[in-house]
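Summary of structural features
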Amino acid sequence: NSVIIRITDNGCGISEKVQNQIFNPFFTTKPVGSGTGLGLAVSYQIVVDKHQGKIHYISDVGQGTEFIVEIPAKLRHNTSNKPAKE
């Protein structure tokens, strides 16, 4: 009952140190002034908070990373304007 989107690359992977921070707002691996670091934090907010879905990843350093986005086919109704709890 959900849509699953998988995005895979064959890049260098994500180090363990960075993995703990990738969904934090303003975290970036770029030099100061070269990026805002909002991309994954905003993606997480849209998928999890707005669409009651899940986003996670599998990463092997030196092998690449796969992001898995899962969004319910039907949103659960919630009258409190807060995300529904699973």
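Residues numbered from 1 in each chain as written. Predicted model: local features only at pLDDT ≥ 70, side-chain atom pairs only at ≥ 80, totals over all residues. Heavy atoms only, no water.

Looking at the sheet that holds strand β1 (residues 2-8)
Keep this limit in mind: Note on pairing: DSSP must find at least two bridges between two strands before they are called paired. Put simply, DSSP marks the helices as runs of H or I at least four residues long and the strands as runs of E at least two long, and each gets a number from the N terminus on. All axes are obtained by fitting lines to C-alpha atoms, using only the stretch in contact for helices, and the reported angles, taken between N-to-C directions, cover 0 to 180 degrees. By definition in these notes, contact holds between two residues if any of their heavy atoms fall within 4.5 Å.
Taking strand neighbours across the sheet as the criterion, the three strands line up as β1-β3-β2 in an open arrangement whose pairing is antiparallel. Across the chains shown, the open sheet's two edge strands, defined by having one partner strand only, are β1 and β2 (54-60). Adjacent strand axes in the sheet meet at a mean angle of 15 degrees, parallel and antiparallel pairs treated alike. Sheet topology places β2 next to strand β3 (residues 64-72); seven bridges connect them, and they run antiparallel. Bridge pairing in β3 links Lys54 to Glu70. Sheet contacts for helix α2 (residues 39-50): β2 and β3; angle to β2, the most-contacted strand, approximately 135 degrees.

Let's talk about unusual backbone geometry
So the rule is basically this: Burial classes: relative accessible area under 20% of the type maximum marks a residue as buried, over 50% as exposed, and values in between as partly exposed (1.4 Å probe, protein chains only).
Phi at Phe26 is positive, roughly 70 degrees, even though this residue is not glycine. Tracing the backbone shows Phe26 in the loop between α1 (16-19) and α2. In this model, Gln52 sits at a positive phi of 55 degrees, which is unusual for a non-glycine residue. The residue Gln52 is located in the loop between α2 and β2 in this model. Since its relative accessible area comes to 11%, Gln52 is described here as buried.

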